Amino acid sequence: MFVNITTTPEEDQAINLALTDFIANPFEYDLHEMVDDDDMREMAQVCENLRKELCELTESNFQTCSKT
């Protein structure tokens with residue numbers, strides 16, 4: 001099953017920046033109050049994998065795909 005999401009370059013950049021922030025700071029989100037540390041680390045890794053995949057698929061749109 002495939003999902004197709006159409007986004008603008010600005011939306012691509014916003015998604016990338018939001019994922020990058022969560023990956024770098026998963027314990028600063030309110031979700032951490034409901035999820036243990038190991039699960040937060042796992043979610044951050046899942047988000048990093050998703051971010052990389054999105055960057056590969058939309059390389060021409062993601063202006064900031066390199067992780068900072």
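Residues numbered from 1 in each chain as written. Predicted model: local features only at pLDDT ≥ 70, side-chain atom pairs only at ≥ 80, totals over all residues. Heavy atoms only, no water.

1. A closer look at helix α2 (residues 37-57)
Counted at 1.5 Å a residue, the expected span for α2 with its 21 residues is 30 Å, and the 30 Å between its end C-alpha atoms agrees. Residues of α2 that are buried include every one of Met40, Ala44, Cys47, Glu48, Arg51 and Cys55, and no others. One face of α2 carries all of its buried residues, which in axial projection span an arc of 105°. Every exposed residue of α2 that faces more than 90 degrees away from the buried side is listed here: Asp38, Glu42, Glu56 and Leu57. Where the residues of α2 are buried, they touch α1 (9-24). Capping of α2 at its N-terminal end is provided by aspartate 36; its side-chain oxygen lies 3.2 Å from the backbone amide nitrogen of aspartate 38. (Helix = DSSP H or I, 4+ residues; strand = E, 2+ residues; numbered from the N terminus. Expected span 1.5 Å × (residues − 1). Buried < 20%, exposed > 50% of the residue type's maximum accessible area, 1.4 Å probe, protein only. Arc of directions from axis to C-beta. Contact = heavy atoms within 4.5 Å. Polar contact = N/O pair within 3.5 Å; in protein donor to acceptor, adjacent residues only side chain to side chain.)

2. Thoughts on the nonpolar core
Counting residues in hydrophobic clusters, the biggest one holds seven residues: Leu19, Phe22, Ile23, Val35, Met40, Ala44 and Cys47. At the level of secondary structure, the elements contributing two or more residues to this core comprise α1 and α2. (Core = buried A, V, L, I, M, F, W, Y, C linked by side-chain atoms within 4.5 Å.)

3. A word on the side chain of threonine 20
Summarising the element assignment, threonine 20 is placed in helix α1. Here the side chain of threonine 20 touches asparagine 16 through a polar contact of 2.8 Å, landing on its backbone oxygen.

4. Some details on α1
Along its 16 residues, α1 runs 22 Å from first to last C-alpha, staying within 8% of the 22 Å computed at 1.5 Å per residue. Buried positions along α1 lie against α2.

5. Describing the pattern of salt bridges
According to the stated counting rule, one finds three salt bridges in the structure shown. Where glutamate 48 meets arginine 51, a salt bridge forms, and the shortest distance between an N and an O atom there is 3.1 Å. Linking glutamate 48 with arginine 51, this pair stays in helix α2, spanning three residues, or about one helical turn. Taken individually, glutamate 48 and arginine 51 each receive the classification buried, so the pair is uniform in this respect. (Salt bridge = Lys/Arg side-chain N within 4 Å of Asp/Glu carboxyl O.)

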